[in-house]
Amino acid sequence: MTKSEKPVDFELRHFYALQARGYMLANARVFPAFSPSMRRSAHSVGSAIPPAGFCALAVFCAAVTCINAQTVEVLSSKSSKTAPGNAVGLAVASIDLVVANENAVESETPLPPHEFNPDPGASSPQVEPEPPPELFPPVLPQLPEYGEEALPRSLGLPRKGVREVVPRRRKLEYETYPLSDEGQGLLPSSEPVNNRWFIGFGRWKRYADPSTETTYQSDLKLWHPYLQSKLKGDAPIIGQDIFLNLTVEDFAQFETRRLPTPSGVSAESPNSSEFFGRGEQLFYANDISIGVDLFKGETAFKPVEWALRLLGVYNHNYIDVEERNVVNPNPVNGTTREKEFFSLQEAFGEIHIRDLSNNYDFISSRAGIQPFISDFRGFIFNDTNLGGRIFGNYDNNRWQYNIAAFDMLEKDTYSDLNEFSRRQQQVYVANVFRQDLIWKGYTGELSFVGDFDNNSRHFDKNGFITRPAPIGTVADHYLQAYYLGWTGDGHIGPLNIDHAFYQVLGEDSLNGIAGRRVDINAQMAALEVSIDKDWMRHKLSVFYASGDNDPTDSHATGFDTVLDRPFFIGGPFSFYSHQGFNLGGTSVNFKQRDSLVIDFRTSKTEGQANFVNPGAFIIGYGFDADITPKLKSFINVNYIRTVTTKPTELVLFTNHASNDFALDCSAGFEWRPLLTENIIITAGAGFLIPRWGYKDIYRTNTVPVHGFPQPAAGTVDSFLYSGIVTVTLTY
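Treat the numbers as computed from the prediction; the structure is a model and nothing was measured. (Residues numbered from 1 in each chain as written. Predicted model: local features only at pLDDT ≥ 70, side-chain atom pairs only at ≥ 80, totals over all residues. Heavy atoms only, no water.)

Novice: Looking at this structure, how should I read the overall build of the protein?
Specialist: From N to C terminus, the protein includes 6 helices and 28 strands. Looking at the protein residue by residue over its 731 residues, the buried ones come to 41%. The long-range fraction of contacts in the protein, counting pairs at least 24 apart against all pairs at least 6 apart in sequence, stands at 64%. Of the roughly 40,200 Å² of accessible surface on the protein, 58% is carried by carbon and sulfur atoms. (Helix = DSSP H or I, 4+ residues; strand = E, 2+ residues; numbered from the N terminus. Buried < 20%, exposed > 50% of the residue type's maximum accessible area, 1.4 Å probe, protein only. Contact = heavy atoms within 4.5 Å. Areas by Shrake-Rupley, 256 points an atom, 1.4 Å probe, with all protein chains shown as cover.)

Novice: Looking at this structure, how should I read the pairing of strand 7 (residues 306-321)?
Specialist: In the case of a regular strand, side chains alternate between the two sheet surfaces. Sheet topology note: the strand 6 (residues 280-296)/strand 7 ladder contains 16 bridges and is antiparallel. Across the sheet, the residue bridging to Phe-283 is Ile-319, located in strand 7. Bridge count for strand 7 against strand 8 (residues 336-355) is 15 bridges, and the pairing is antiparallel. Counterpart to Leu-308 in the pairing with strand 8 is Gly-349. (Pairing = 2+ DSSP bridges.)

Novice: How should I be thinking about unusual backbone geometry in this particular structure?
Specialist: Glycine aside, the phi torsion of most residues is negative, and most peptide linkages are trans. Note that the residue after Arg-467, namely Pro-468, is joined by a cis bond; omega there is -10 degrees. Of note, Pro-468 is situated in the loop between strand 15 (465-467) and strand 16 (479-492). Its identity is not glycine, yet Asp-534 carries a phi of approximately 60 degrees, on the positive side. If you trace the backbone, Asp-534 turns up in the loop between strand 18 (516-533) and strand 19 (536-545). Exposure remark for Asp-534: the relative accessible area of 72% places this residue in the exposed category. The residue Phe-653 is not glycine, and still its phi comes out positive at about 55 degrees. Structurally, the position occupied by Phe-653 is in the loop between helix 5 (646-652) and strand 26 (660-671).

Novice: So what exactly am I meant to see when it comes to the sheet that holds strand 21 (residues 581-582) here?
Specialist: On the basis of which strands lie adjacent, the open sheet formed by 3 strands has the order 21-22-23 and antiparallel pairing. Looking at the sheet topology across the chains shown, the edges are occupied by strand 21 and strand 23 (598-601). Pairing of strand 22 (residues 589-591) with strand 23, which is carried by 2 bridges, proceeds in the antiparallel orientation. Within strand 23, the residue paired with Asn-589 across the bridge is Arg-601.

Novice: Explain the confidence of the model for the protein to me, please; I cannot follow it from the model alone.
Specialist: Residues with a pLDDT of 70 or more make up 66% of the protein, whose mean pLDDT is 79. Here residues 1-107 is modelled with pLDDT under 50, and outside its nearest four sequence neighbours on either side it reaches 151 contacts, counting other chains as well. (pLDDT = per-residue confidence, 0-100.)

Novice: For this particular structure, what's the right way to read the packing of aromatic side chains?
Specialist: Ring pairs (aromatic) are described by centroid distance and by the angle formed between their planes. Tallying each qualifying case throughout the model produces 21 aromatic pairs. Centroid distance Phe-376 to Phe-433: 5.6 Å. Interplanar angle 80 degrees. Geometry classified as edge-to-face. Taken together, the positions of Phe-376 in the loop between strand 9 (362-373) and strand 10 (382-394) and Phe-433 in strand 12 (residues 418-435) put the pair 57 residues apart, joining distant regions of the chain. By relative accessible area, which is 12% here, Phe-433 ends up buried. (Phe/Tyr/Trp six-rings, centres within 6.5 Å; stacked < 30°, edge-to-face > 60°.)

Novice: Please clarify how the nonpolar core should be interpreted in this entry.
Specialist: Within soluble globular proteins, side chains that are nonpolar tend to cluster in buried spots. Within the largest apolar cluster, 58 residues are counted, with the highest numbers of intra-cluster contacts made by Phe-379, Tyr-483, Phe-543, Phe-559, Phe-590 and Phe-611. Counting 5 residues, the second largest nonpolar core, distinct from the first, contains Phe-283, Ala-285, Ile-319 and Val-327. (Core = buried A, V, L, I, M, F, W, Y, C linked by side-chain atoms within 4.5 Å.)

Novice: I tried to follow the side chain of Ser-229 on my own but got confused; where do I start?
Specialist: Secondary-structure assignment places Ser-229 in the loop between helix 3 (178-181) and strand 5 (242-258). At 3.1 Å, the side chain of Ser-229 and the backbone nitrogen of Leu-231 are in polar contact. Once residues within four sequence positions are removed from consideration, Ser-229 is found in contact with Leu-220, Lys-221, Leu-222, His-224, Asp-234, Ala-235 and Tyr-731. (Polar contact = N/O pair within 3.5 Å; in protein donor to acceptor, adjacent residues only side chain to side chain.)

Novice: Is there a simple way to think about the pattern of salt bridges in this case?
Specialist: Between side chains of opposite charge, pairing is possible as soon as their charged atoms come close. Across all of its chains, the model carries 27 salt bridges by this definition. Asp-476 is the salt-bridge partner of Arg-457, the closest N and O atoms lying 3.1 Å from each other. Within this pair, whereas Arg-457 is found in the loop between strand 13 (442-453) and strand 14 (458-459), its partner Asp-476 is found in the loop between strand 15 and strand 16, the two being separated by 19 residues in sequence. Judged by relative accessible area, which is 33%, Asp-476 ranks as partly exposed. Three or more residues are tied together by salt bridges with common partners; here these are Arg-258, Arg-278, Glu-280 and Glu-322. (Salt bridge = Lys/Arg side-chain N within 4 Å of Asp/Glu carboxyl O.)

Novice: What am I meant to see in the environment of Phe-372 here?
Specialist: In this structure, Phe-372 sits in strand 9. A C-alpha to C-alpha distance of 9.4 Å links Phe-372 and Arg-389, two positions 17 residues apart in sequence. Filtering out sequence-adjacent residues up to four positions away, Phe-372 remains in contact with Phe-381, Asn-382, Asp-383, Arg-389, Asn-402, Phe-406, Val-429 and Asn-431.

Novice: Help me understand the pairing of strand 23 in this model?
Specialist: Alternating residues of strand 23 divide into Ile-598 and Phe-600 and Asp-599 and Arg-601, and every residue in both groups is buried. The hairpin turn running from strand 22 into strand 23, its antiparallel successor, is 6 residues long, and Asp-594 in that turn takes a positive phi close to 55 degrees.

Novice: Looking at this model, I keep getting lost on a nonpolar patch on the surface. Mind explaining?
Specialist: A cluster of nonpolar side chains, namely Leu-527, Val-542, Tyr-544, Phe-617, Ile-619 and Val-643, defines an oily patch on the protein surface of about 420 Å² accessible area. Secondary-structure elements contributing two or more residues to the nonpolar patch are strand 19 and strand 24 (616-626). Tracing the backbone shows Val-542 in strand 19. (Patch = residues over 30% accessible without salt bridge, like charges linked within 9 Å, V, L, I, M, F, W, Y side chains within 5 Å.)

What follows is the structure, encoded as structure tokens:
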């Protein structure tokens, strides 16, 4: 090789593909010099290439990339003449690229066809190209793969100083079963165990510190509220299927309120008005109850074979008012009252009669002092009283039924708990529930309630007469009322629906307001439609109870209940729903405590129903919010009207009465600090903003008559309020 023929070397750092003479050359190591004959041929070709051609050839050679700094030599040699007039263009006769190993000997002649290797790089090991560095490396460290994350030092393995938790296996003495010991009546691969309640769990202690979480514990804790205990029915106390469940509860309630209060014959304050005085009141009550349940059964799925239930309640209450004649007819007794009372609130026995199917559809009976609610919301009858009941289900629990009869006990005046004396009243209830009756997710109920309240005379513990009602014609009378109702609870798509409709028929032998025997024909309807959105619920409520437009005829068309306790339009937070207040200085109430109907009745628990009343119409909006799993809030706004003013005008001897009664606003919350039912704290406030219907009834003085000297009309309370705080502690 002469100096003039010195090859031009190109060091190419990256080589991917080169197409020459119809084949692909890849992964080459060395490009040796061309042979002399090739040089001459290339030289002749190069001499015929114009300057533009050299530029194109240079670009072509620069595109050739080789790994590991290989060398390419491009030489020119003699060639044939090119066609004339080819000023622009590139005519390349031939370019031979011979690839060989580093130790190969330079050959002057090309290889024969049978030794030609179209892919010389295939015989050598493939070399993967190095990936280019990332343009934007991650700033934060990547999270470890699942199962490879680091553990705290205290939880890492091996755990130093950790001992196994060996369950203490308690062996109780039970009767022997000869057939089981002989292996008879057993399933394949099974073993008889006399005590299935104390078999115990495997040895497992999850963490080194047992106070954090120890999953399996077999020990029984006598008084622990969460772990297994014989006092909560977690393990039998007799044999293998007799259990004891003990419930202790303390319910404390504090209220402050302003109610329309008559000043009485001897006013407490010299500034009391002619008709009404100061209505501020403070009330406190505390119920301590102990419930004992003893039953035989399987504790789940299968109904109990028999059960005994006892619930004793001790009540302590105190009230402080601003006017005399409120806590006692005798004004000498002052304005405060403090009482204590004990009651056996529940005492009944239950017997399982028989199973009706393999899915534990059953029929059972219960007798004694027991709780019962006639419908979903307790619109007609919601009480705990002496009676007998037959109940059960059918068709995989799609049908549920109750047949009950109650011989009513007197209620304590101060606490509404049962006394140990009977009253002349019987209540009969029959209802049947059907799930998915019309729509999916809906449960409908058809019910019948019969109220037979016989002639009786009764004074409450404050000394006021409650039967018969001291209004109009006062005389002993009996009452027979029959309620037919259709109620339902469920949802249609996103809408939650709760509704009720009742028709009541019957007779009252002597209604005091009408002054005669009357036939009963009245109606009640209620509807609540709500929609849930995340943690919020918006509600629209409507309640209607018919009124008596002609209180002196022989037809009583005002609706009244037996003993209701509905949770509707705000429940205990609503002033209108929760409070009961007097009717314009008379001896009856405008409405009862924890009730919705306006009935002119002396007492819900100790008086008799009255079907000559103005009725009620309520429409409201409610907002419930689950702020946290432990905290719930309730907001309600309701507008209240009477259906008719005729009974009010007759009783109060006035022609000034309006149906526009009041606006009720309330708010409250419920807090469960332990996320269980062991501690529940509720607090709320309700406000009643009087309108013309309220002002016409509760005037502090009569309207001045033109031409007659008379003091100016007194003012009416601009608003009434009630604040309530309750604390419930349950074991």
